[in-house]
Structure formats: C-alpha cells, structure tokens
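What follows is each chain in one-letter form.
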Amino acid sequence: MVRFNRRGIAALVVMTAVLTACSASSNSEGKPLTVSFMVPLHQAETPHPRIEEILEEKLQASLEIQWIPSTTFEERLHAAFATGDLPDVAIYSLTGANRDAIKDGQYWEIGPYLDQYKNLSKLKDEILNNMKVDGKLYSLYQGRPLSRQGLIFRKDWADRLGLPAPTNTDELYTMLKQFTENDPDQNGQKDTMGLADRGDLAFGAFKTIASWFGTPNEWGLQDGKLMPAFTFPEYMSAMNYMKDLRDNGYINLDFPVTSKVDQQNLVKSGKAGAYIGCMCDVLPLNTDTVKSNAKAQFDVQNQIKGPGGEFTVWSTAGYNHPLLFPKSAIKTEEELKRILNVLDQMMSPEISNLLIWGIEGEHYTTKNGVAVPIADQAKIDKEVSPYKTLELGEVDTNGRLGGQSNYPVNNKADQLYLDNEKHVVADPTVNLDSATYSQEKDRLGQIIKDATYKYILGNLDEAAFQKEVERWKSEGGAKVIEEFNASYQQSKG
C-alpha cells in the first residue's frame, strides 16, 4: 500500500477528496445528508437560525443542532450517552469515563482518514497528538491559544494612584492593596476591593497565580518522577499569597462560592479593580462597565514574574470542544466519511468566516485584511457567537480572517496571547493514561479543591493540608501517581 505524506498534494489524495465531495452530501438514496450536533450554548438564547440556513445551503446538507445551555451540557451529554442517543458529532471530553468509552471502541478512530480531506489534513499535528488516546486519534478540534491567562485591571484607578502595570507578584499585591485601601474611585468611601475572583481553581485566579509562582501545570517532575502540582512547595506559596489577600480583604471574601457572573459584576459595578483569568474577558467587562461609568478604563498585563524572577504561565492543550464520532449514531465507515466531508467543508475559509464573524456587511467588515466586527455586540452575541463552537482548526489552518476589535485593549490582549506562548508550561499528563484517574478524577479532585480553599480561608493549617494530601494518596491518588508514571515511561520508549 502506497502512503502519502499528510502535508503532500499527491494527485491521488486530491482525486479522492473531489470524488468524496461529489457524493458525500447525499446518502445512497440521493437525499441530502443529515448531520446531528449537540452544542453547548454560552448565551442566554438560542441563535437566530439564519446562519444555520446559510450553512445548510452551502454544505448541501441538513444540520440538526441541539443547543444545550452550557450549565447543563455535561449532564445532558451523560444522559444521551447512557441511552445511546448521542448525535453524529458529539462535543465530549477526552478524559474521565469518556476516555474509557473511547478505549472500549465506542467512538470511531478518525486518524487514518484525515489525509483524504483537503482541509482536515491541515490540522496541527502537535495539537492532534495532545488529543490521542493510546496513540490513536478519535477527535477533531477547535483551536485555542495555548494561554490567554493574565491580569485585567482598572487603568484609570491605577493612574489615579500612580501605579504602573505590575511586573511581578509583589507589585501586583501592592496594586490590589491600594485598590482596596486608597479610595481609587474617589467617592470618599471604603467600598472597593482589589481582586474579584470566583470558585474555579483553574480558570479563576488561583491556577494562574500559582503558575506565576512556578507551580507545575497539574503535574511536574520531582527527581525524575511525575508528581501532582499540589505536592510542590510553589503550590503552598501560591496558597499563602491568596490567603494573605483574603485575610486583608483585598479579594472578595466569599470567592470560593462566587459564580463567574457575580465575579464579573463586581468589576462591572466598580466594586473591584482587578480580574485574573482569560484576558479575552476585557471586552465584555469594558462594554458593560462603561454603560454606567463612561470614564472607566481597562488595561491588560500578562508578564507577572514570581519570586524567582521568572515569568511562567500554565498552558492548555491548544484545543477546545473535541468533536467525537459515536458508533451508536454513525453505523458505517461510508457514513463516517460523508460526515467527515461535511466537516471538511465547514473548515473552509468561507464557512469558517461565517461561523466566527457572521455575514460580511451585516456582522463585520473587512479592513486591511482582517475582520472588524460591528459595534452592536448584542446583535453578534444573539446571531453569531453560538456558532463559534463549530469552528474547526484556527486561523493558521482554516484560513479564515483574523480579527481586529474596535476596542484597542482587546487587540492588545490578542498580542499578549502570542507572548504567553514563549513562556508556557504544559501539563505532561495530557495524553498519558491512568485508569484510576479516569474513574476517580472528580472525587479525588474534590479532596484537593476543598483542602485548597479551606487553607486559603484559614480553616486548615499547613499540617492539616498535608494530611489531606495524604488522604488523597490513600484513597486512590498513590495509584494515580503509579499509573501516570508507568504511562510516562512507556511514552518515552
């Protein structure tokens, strides 16, 4: 059998793709192919169907999209899995119990097919490798910057207090202290705080602060052995930093039980002056804040060095929303190929632009080769934003337009994502296997999550925290360490 390089343009590959495209939009009876999706909805309402109708016309296929509120998406997906009622394309996790389902053969392996498709074959190998299970590829991806983490802060408050953008954790502490104590809004009242946070160790402030302190990304090497991040001294340093912020009232005291909506409202209402998380949130924070305070100004900062004088920041695996193909829904290889062809067309520049930016002239204009969204963010959120979840690849691979916001700070954030990539710390276990971790991830994770919050809240001292770490080990964590290290050694050959 002759094999061609994925990046090649061999005539046979091109011919196969053309022939597939001619037949893939209809089934053996000549009817338009129907492809079903279950998609998390991050907006309050399901989107206007106009873009979906344009998609169907361009793809010559019928799309059945179930829009599921993101807050209940996992629950609905688990229920669909249990009843065998999964869609053709399932946006599902590659970890936990679903990883076991993948290994049990309940999803199609798609790696061997990608060479046959003009666009899908362009997906990045380094990201696809992060998605493999037992060395095999079962999913496609929507690309994400490796790290969008950083600091968003009220620049008008900082300027008023004579504070530059912080470049290390000591300067950040000073900013949060002064935002709390020195009346940055000049209303004569002690009614502000430094940092607004929420009950999310990963995507709230804690994991980013911990990475600034040099904590590994979930797991790190100690004397050549993989160990969980919370066993490293830098994790304790980060907890002490957060505890000090809370003890002094420089952060919302109830942050472990604060939702993301309430966290952002603290910033939008002018009660808090800083936000640590995805710098992408600066646009919605600014949009809503200036409605009630036209003079408010924000800025973003990524490079905040830890006590060791080095800047490091944790990295994702470079993807979001893995797309899997359940065998309970897709019965034959022929049907799988037809569905992959539809997705290949969806990855074209034209359709990628439609999914991300909407309709040119209505939702965006093109200026100097980039997309400039209209100022009516509410219209974009209602009509376009939900479809972004269906993007495949990223600008580098799908060829869509890059973006330029009307808000310069948002454009600055985009540049800082690229700067972060030079300093990211990856999770070394991202494609390693541990049967115990798959089965007990949530339960074991809760032990450490609770212990971390209790330590920051002052309900555990260091000795008591270490007892919880030992409990984690005794209840399955030691087995996880053993299994991940065995998988790590195997991966090294």
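What you see is a predicted model; the values in this text were computed from it and never measured.

**Q** Break down the sheet that holds strand S5 (residues 149–154) for me, with residues and values.
**A** In space, the four strands of this open sheet follow the order S6-S9-S5-S10, with mixed pairing throughout. Edge positions in the sheet fall to strand S6 (193–196) and strand S10 (298–301), since each of these pairs with one other strand and no more. For this sheet, the mean angle separating the axes of adjacent strands, direction not counted, is 25 degrees. Relative to strand S9 (residues 272–278), S6 is paired through three bridges, and the arrangement is parallel.

**Q** An account of the pattern of salt bridges is requested, with residue identities and associated values reported.
**A** With the rule as written, the count across this model stands at 24 salt bridges. In this structure, Glu470 and Lys473 form a salt bridge, with 3.6 Å as the shortest nitrogen-oxygen distance. Of this pair, Glu470 and Lys473 both sit in helix H18 (residues 462–491), separated by three residues, roughly a single helical turn. Note on Lys473: relative accessible area 25%, which makes it partly exposed. Salt bridges sharing common partners tie together Glu440, Arg443, Glu468, Arg471 and Glu475.

**Q** Describe the state of the cysteines, naming the residues involved and giving the relevant values.
**A** This structure, assessed with the given rule, holds one disulfide. With a sulfur-sulfur separation of 2.2 Å, Cys278 is cross-linked through a disulfide to Cys280. One quick way to see it: the torsion about the S-S bond of Cys278 and Cys280 is about 135 degrees, and its sign makes the bridge right-handed. You can call Cys280 partly exposed: its relative accessible area is 23%.

**Q** Can you explain the nonpolar core? Please cite residues and give values.
**A** Membership of the largest hydrophobic core comes to 64 residues, with the highest contact counts inside it found for Phe37, Leu55, Leu120, Leu140, Phe325, Leu343 and Met346. Not counting residues up to four positions away in its chain, the partners in contact with Phe37 are Leu63, Glu64, Ile65, Gln66, Pro87, Val89, Leu343, Met346 and Leu390. Listed in part, the 54 residues of the second largest apolar core include Met175, Phe179, Phe213 and Met239.

**Q** Go over the environment of Ser474, please, and point to the residues and values.
**A** Relative to the helices and strands, Ser474 is located in helix H18. What makes Ser474 exposed here is its relative accessible area of 60%. Looking at Ser474, its side chain comes within polar contact range of the main-chain oxygen of Arg471, at 2.9 Å.

**Q** Lay out unusual backbone geometry in plain terms, naming residues and giving numbers.
**A** Of note in the backbone geometry, Gln186 takes a positive phi value of approximately 55 degrees without being a glycine. By relative accessible area, which is 56% here, Gln186 ends up exposed. A positive phi angle, close to 55 degrees, is found at Asp223, a residue other than glycine. Checked against the element boundaries, Asp223 lands in the loop between strand S7 (219–222) and strand S8 (225–228).

**Q** Talk me through the sheet that holds strand S15 (residues 402–403); I want residue IDs and the actual numbers.
**A** Strand order in the open sheet formed by three strands is S13-S14-S15, and the pairing between neighbours is mixed. Each edge of the open sheet is held by one strand with a lone partner, namely strand S13 (364–367) and S15. Here two bridges tie strand S14 (residues 370–373) to S15, and the two strands are oriented parallel to one another. Directly across from Val370, in S15, lies its bridge partner Gly402.

**Q** Explain helix H9 (residues 233–247) to me, and be specific about the residues and the numbers.
**A** Across its 15 residues, H9 extends 21 Å between first and last C-alpha, which sits within 8% of the 21 Å expected from 1.5 Å per residue. Looking at H9, one finds that the buried residues are Tyr235, Met236, Ala238, Met239, Tyr241, Met242 and Leu245. Looking at the packing, one finds that the buried side of H9 touches helix H7 (169–181), S6, helix H8 (206–212), helix H17 (435–457) and H18.

**Q** How would you sum up the confidence of the model for the protein? Please name residues and give values.
**A** Overall, the prediction assigns the protein a mean pLDDT of 92, with 94% of residues at 70 or greater. Per-residue pLDDT stays below 50 along residues 1–24; that stretch engages in 31 contacts with residues further than four places along the chain or on separate chains.

**Q** Before we move on, can you summarise helix H12 (residues 333–346) with the specific residues and values?
**A** Taking 1.5 Å of rise per residue, 14 residues should cover 20 Å, and H12 covers 20 Å from first to last C-alpha, within 8% of that figure. Summarising burial for H12: 10 of the 14 residues are buried, a large majority. For H12, the full list of buried residues reads Glu335, Leu336, Arg338, Ile339, Leu340, Asn341, Val342, Leu343, Asp344 and Met346.

**Q** Give me the pairing of strand S12 (residues 319–324): which residues, what numbers.
**A** One face of the sheet, then the other: side chains in a regular strand alternate in exactly this way. Within S12, five of the six residues are buried, which leaves the element mostly enclosed by the surrounding structure. Inspection of the sheet shows strand S3 (residues 89–91) paired to S12 by two bridges, in the antiparallel sense. Each bridged residue has a counterpart across the sheet, and for Ala90 the counterpart in S12 is Leu324. Taken together, the three bridges between strand S4 (residues 140–143) and S12 define a ladder with antiparallel strand orientation. Bridged to Gln142 within S12 is Asn320.

**Q** Please provide a residue-by-residue account of the packing of aromatic side chains, values included.
**A** Applying the stated criterion to the full structure yields 16 aromatic pairs. A ring pair is formed by Trp67 and Tyr387, whose centres lie 5.3 Å apart and whose planes are at 85 degrees; its orientation type is edge-to-face. Within this pair, whereas Trp67 is found in strand S2 (residues 61–69), its partner Tyr387 is found in the loop between helix H14 (377–383) and helix H15 (395–398), the two being separated by 320 residues in sequence. Pair check on accessibility: Trp67 and Tyr387 agree, each one buried. Between Tyr455 and Phe465, the aromatic rings sit 6.1 Å apart at their centres with planes inclined by 65 degrees, giving edge-to-face as the arrangement. Of this pair, Tyr455 sits in helix H17 while Phe465 sits in helix H18, and the two are 10 residues apart along the sequence. When its relative accessible area of 1% is taken as the criterion, Phe465 is described as buried. Three or more aromatic residues joined by ring pairs make a cluster, and in this case those are Phe206, Phe230, Tyr235, Tyr455, Phe465 and Trp472. When the ring centre of Phe298 is taken as origin, the NZ or CZ atom of Arg154, which lies over that ring, is 5.9 Å away. Geometry around Trp314 places Lys207 over its ring, the cationic atom sitting 4.1 Å from the centre.

**Q** An account of the side chain of Asn286 is needed here, citing residue identities and associated values.
**A** Note that Asn286 resides in helix H11 (residues 282–292). Not counting the four nearest positions on each side in its chain, Asn286 is found in contact with Ala296, Phe298 and Tyr407.

**Q** I'd love a proper account of the side chain of His363, names of residues and values included.
**A** Position of His363 relative to the elements: it lies in the loop between helix H13 (349–357) and S13. At a separation of 2.7 Å, a polar atom in the side chain of His363 contacts the side chain of Glu383. The contacts of His363, once residues within four sequence positions are left out, are Trp357, Gly358, Pro373, Ile374, Lys379, Ile380, Glu383 and Val384.

Basis of the calculations
- Residues numbered from 1 in each chain as written.
- Predicted model: local features only at pLDDT ≥ 70, side-chain atom pairs only at ≥ 80, totals over all residues.
- Heavy atoms only, no water.
- Pairing = 2+ DSSP bridges.
- Helix = DSSP H or I, 4+ residues; strand = E, 2+ residues; numbered from the N terminus.
- Axes fitted to C-alpha atoms, helices over the stretch in contact; angles between N-to-C directions.
- Salt bridge = Lys/Arg side-chain N within 4 Å of Asp/Glu carboxyl O.
- Buried < 20%, exposed > 50% of the residue type's maximum accessible area, 1.4 Å probe, protein only.
- Disulfide = S-S within 2.5 Å.
- Core = buried A, V, L, I, M, F, W, Y, C linked by side-chain atoms within 4.5 Å.
- Contact = heavy atoms within 4.5 Å.
- Polar contact = N/O pair within 3.5 Å; in protein donor to acceptor, adjacent residues only side chain to side chain.
- Expected span 1.5 Å × (residues − 1).
- pLDDT = per-residue confidence, 0-100.
- Phe/Tyr/Trp six-rings, centres within 6.5 Å; stacked < 30°, edge-to-face > 60°.
- Lys NZ or Arg CZ within 6 Å of the ring centre and 35° of its normal.

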